[in-house]
Amino acid sequence: MLIDSHCHLDRIDLTPFAGDMDRLLAAAAEAGVEHMLCVSIDMENFPRVRALAERYPQVSCSVGVHPSADAAADADEETLVRLAGEPRVVAIGETGLDYHYNQGDLEWQRERFRRHIRAARAAGKPLIIHTRDARADTLAILEEEGARETGGVLHCYTEDWDMARRGLDLGLYVSFSGIVTFRNAEALREVARRVPEDRLLVETDAPYLAPVPHRGKGNHPAWVRHVAECLAGVRGVPLEALAAQTTANYHALFG
Ligand SMILES: [Zn+2]
Ligand SMILES: [Zn+2]
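Residues numbered from 1 in each chain as written. Chains lettered and ligands numbered in written order. Predicted model: local features only at pLDDT ≥ 70, side-chain atom pairs only at ≥ 80, totals over all residues. Heavy atoms only, no water.

Colleague: Explain the coordination of the zinc ion (ligand 1) here, please?
Modeller: Six octahedral donors at a metal ideally form angles of 90 or 180 degrees, and four tetrahedral donors ideally form angles of 109.5 degrees. For the zinc ion (ligand 1), every protein donor is listed as Glu94 (OE), His130 (ND1) and His155 (NE2), and the spread of their distances is 2.0 to 2.2 Å. Donor residues for the zinc ion (ligand 1), ordered by position in the chain, follow E-x35-H-x24-H. Between the zinc ion (ligand 1) and the zinc ion (ligand 2) the interatomic distance amounts to 3.5 Å, and Glu94 serves as a bridging ligand to the pair. Of this pair, Glu94 sits in strand S4 (residues 89–98) while His155 is found in the loop between strand S6 (152–154) and helix H6 (161–169), placing the two residues 61 residues apart along the sequence. As far as the burial class goes, Glu94 and His155 line up, both buried. (Donors = N, O, S within 2.8 Å, 3.2 Å for Na, K, Ca; no water. Helix = DSSP H or I, 4+ residues; strand = E, 2+ residues; numbered from the N terminus. Buried < 20%, exposed > 50% of the residue type's maximum accessible area, 1.4 Å probe, protein only.)

Have a look at this one:
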């Protein structure tokens, strides 16, 4: 059985499922996906994410404000801590730094990231970390704010082995998405081969980043199976073993 450790169910176009979330979840179950973590991106979408987690036992959710979200949808530390204490909320995020999407003076982004780490420490919940073109600042802020204490995951990992190693040293997990299946992702597959088995997670980041052989289509949690198959191949282990290990890792991190 597999777990999709990072998806955005509320953003998926349900047209291929006759507009019915139940059908999407049935397709996931049929592919062996027993659980999904539906990730919050801001305070505007959090109520929808939470509603899905309250409605479906196989869905958990997080609370957080994406590094690129509008200031109007941001949350203060107290709000994050309070919402993180709700029964279906298992993590703080996604948070982090994105110097690709945003440019210029990004002190506001770093302040938002620091606030999320403080909230995670106060709430005793792990972090879901998004990082793009910001490796040095991401690692420095995680270190400075004591993220080692909360634990967390570097989601949708696309960086090199050196950053993975430093993240692992901070106690973090590393999660791979459909990007690892792309034809030109040989260097990333080499990183995936080296991550210790007890720190590995799989995700779709659906509706984005559909894996091969569905690249370019609208992604959904059933397809996390293709990510797992790719990793199993790269690491030379049976799919069943890879699935059992990443599922155990999910429970170790998110409870
Ligand atoms: Zn992300
Ligand atoms: Zn995401």
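Colleague: Please explain the environment of His130 as it appears in this structure.
Modeller: By secondary structure assignment, the location of His130 is in strand S5 (residues 127–132). The class for His130 is buried, based on a relative accessible area of 15%. Aside from chain neighbours lying at most four places away, what touches His130 is His66, Pro67, Glu94, Thr95, Gly96, Leu97, Asp98 and His155. (Contact = heavy atoms within 4.5 Å.)

Colleague: For this particular structure, what's the right way to read the sheet that holds strand S1 (residues 2–7)?
Modeller: Within a sheet, neighbouring strands are paired by backbone hydrogen bonds and run either parallel or antiparallel to one another. Ordered by their spatial adjacency, 8 strands build an open sheet running S1-S2-S3-S4-S5-S6-S7-S8, and the pairing between neighbours is parallel. Either end of the sheet is taken by a strand with one partner, and the two such strands are S1 and strand S8 (200–202). Going from strand to strand, the sheet's axes swing by 30° on average, the running direction of each strand aside. Pairing of S6 with strand S7 (residues 173–176), which is carried by 2 bridges, proceeds in the parallel orientation. Considered in S7, the bridge of Val153 is made with Tyr173. Along the sheet, helix H5 (residues 135–144) contacts S4 and S5; its crossing angle with S5, the most-contacted strand, is approximately 155°. Contacts from helix H9 (residues 239–254) reach S1, strand S2 (33–38), strand S3 (59–63), S4, S5, S6, S7 and S8, with the element oriented near 100° to S8. (Pairing = 2+ DSSP bridges. Axes fitted to C-alpha atoms, helices over the stretch in contact; angles between N-to-C directions.)

Colleague: Any chance you could explain the environment of Ile129 here in plain terms?
Modeller: Topologically, Ile129 is positioned in strand S5. What makes Ile129 buried here is its relative accessible area of 0%. On a C-alpha basis, the gap between Ile129 and Thr95 in space is 5.2 Å, while along the polypeptide they are 34 residues apart. Once you skip the residues sitting within four places of it in the chain, Ile129 turns out to touch Thr95, Phe113, Thr138, Leu142, Val153, Leu154, His155 and Leu172.

Colleague: What is the right way to look at the packing of aromatic side chains in this model?
Modeller: Aromatic ring pairs are defined here through the distance separating the ring centres and the angle between the ring planes. This model, assessed by the stated rule, comprises 2 aromatic pairs. On the basis of an interplanar angle of 75° and a centroid distance of 6.1 Å, the ring pair of Tyr157 and Phe176 is categorised as edge-to-face. With Tyr157 in the loop between S6 and H6 and Phe176 in strand S7, this residue pair connects regions lying 19 residues apart in the sequence. Using a relative accessible area of 1% as the deciding quantity, one classes Tyr157 as buried. Residue classification places Phe176 among the buried residues on the basis of a relative accessible area of 0%. When the centroid spacing of 4.9 Å and the interplanar angle of 50° are considered together, the rings of Tyr250 and Phe254 count as tilted. Highlighted residues: Tyr250 and Phe254, both in helix H9, separated by 4 residues, approximately one helical turn. (Phe/Tyr/Trp six-rings, centres within 6.5 Å; stacked < 30°, edge-to-face > 60°.)

Colleague: I tried to follow the state of the cysteines on my own but got confused; where do I start?
Modeller: Formally, a disulfide is one covalent bond, and it connects the sulfur atom of one cysteine to the sulfur atom of another. Tallied over the full model, the rule gives 0 disulfides. Cysteine Cys61 shares no disulfide, and the gap to the nearest cysteine sulfur, in Cys38, comes to 7.1 Å. For Cys61, a relative accessible area of 0% puts it in the buried group. Cys156 takes part in no disulfide bond, and the closest cysteine sulfur to it belongs to Cys7, at a distance of 13 Å. Among the residues examined, Cys156 registers a relative accessible area of 14% and is labelled buried. (Disulfide = S-S within 2.5 Å.)

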